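Examining the three-dimensional arrangement
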Amino acid sequence: MKQSFIKSIKRNVPLLAALIAFVFFTGNKDPDGQSDPAGKCCAGYTINMNQLKQFMLDSLHGIQFEGGVYSKQSLITAINEVPGDSVYLMNTLRNCSISQGTDLALTSPQSAGVAFVRKSNCYPCPGKACCPQSACVARINRSCINYQVYNGFAGGSGLTGTTGE
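Notes on the structure in this doc start here. (Residues numbered from 1 in each chain as written. Predicted model: local features only at pLDDT ≥ 70, side-chain atom pairs only at ≥ 80, totals over all residues. Heavy atoms only, no water.)

Across its full length, the protein holds 5 helices and 6 strands. Sequence-ordered secondary structure for the protein, helices as α and strands as β, is α-α-α-β-α-α-β-β-β-β-β. For the protein, buried positions account for 24% of its 165 residues. A sequence separation of at least 24 residues applies to 51% of the contacts in the protein between residues at least 6 apart. When the accessible surface of the protein is split by element, carbon and sulfur atoms take 58% of a total near 11,900 Å². (Helix = DSSP H or I, 4+ residues; strand = E, 2+ residues; numbered from the N terminus. Buried < 20%, exposed > 50% of the residue type's maximum accessible area, 1.4 Å probe, protein only. Contact = heavy atoms within 4.5 Å. Areas by Shrake-Rupley, 256 points an atom, 1.4 Å probe, with all protein chains shown as cover.)

Turning our attention to unusual backbone geometry. With an omega of 0 degrees, the peptide bond running from Tyr123 to Pro124 counts as cis. The topology assignment puts Pro124 in the loop between strand S4 (115-116) and strand S5 (135-136). Residue Pro126 follows Cys125 across a cis peptide bond; omega there is -5 degrees. Examined against the element boundaries, Pro126 turns out to sit in the loop between S4 and S5. Positive phi values are uncommon outside glycine, yet Asn95 reaches one of about 50 degrees.

A separate point is helix H4 (residues 49-59). Looking at H4, one finds that the buried residues are Gln51, Phe55 and Ser59. Summarising the axial view, the buried residues of H4 lie within an arc of 55 degrees, below the 170-degree limit, and thus occupy one face. Those residues of H4 that are exposed and aimed more than 90 degrees away from the buried face are Asn50 and Lys53. (Arc of directions from axis to C-beta.)

This paragraph deals with the pairing of strand S2 (residues 88-94). Here S2 pairs with strand S3 (residues 102-107) via 6 bridges, running antiparallel. Paired with Thr92 across the strands is Asp103, a residue of S3. (Pairing = 2+ DSSP bridges.)

What follows concerns the pattern of salt bridges. For the coordinates displayed, the defined rule picks out 2 salt bridges. Linking Glu66 and Arg142 is a salt bridge whose minimum nitrogen-to-oxygen distance equals 2.8 Å. With Glu66 in the loop between H4 and helix H5 (72-81) and Arg142 in the loop between S5 and strand S6 (147-149), this pair connects stretches of sequence that are 76 residues apart. By relative accessible area, Arg142 is classed as partly exposed at 45%. One salt bridge in this structure joins Arg94 and Asp103, with 3.1 Å as the shortest N-O distance. We note that Arg94, like Asp103, is buried. (Salt bridge = Lys/Arg side-chain N within 4 Å of Asp/Glu carboxyl O.)

Pasting the structure below:
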């Protein structure tokens with residue numbers, strides 16, 4: 001009797017281990033998603049229109065906010081490369097590398113590819129050696145962002161946003 005009891009336990013060890021692991025990991029799950037990097041990466045700010053210009057001048061040199069700083073000539077050249085009446089714009093991370101920075105990609109339904117503002121003489125991409133191998137784009141659910149008032153220019157505490165919920 002003792003022998004058959006031990007055999008049945010040995011036979012069910014993988015099942016018991018899986019059940020214990022399931023209970024352990026389910027119980028340690030963060031219900032608010034605060035340990036998830038995506039739960040911490042979105043913050044938004046409400047900026048008064050009279051402060052928007054200064055915010056853009058101060059903030060768009062880095063990669064914390066969508067957009068960037070481009071020469072007018074490069075932007076005009078990239079726009080003129082893309083055929084059609086409409087231009088589709090998207091902020092990208094060149095070669096998915098933070099060290100290469102952001103770029104603005106442009107295309108249209110009539111276009112042969114994509115033009116990039118930082119390499120406006122390298123159209124169409126793909127198709128030329130100067131084109132980036134890949135581009136990372138961000139998908140942002142703006143409805144989940146808790147937008148906070150930006151008090152950076154009014155003697156406030158600077159960027160005071162919270163993470164998305």
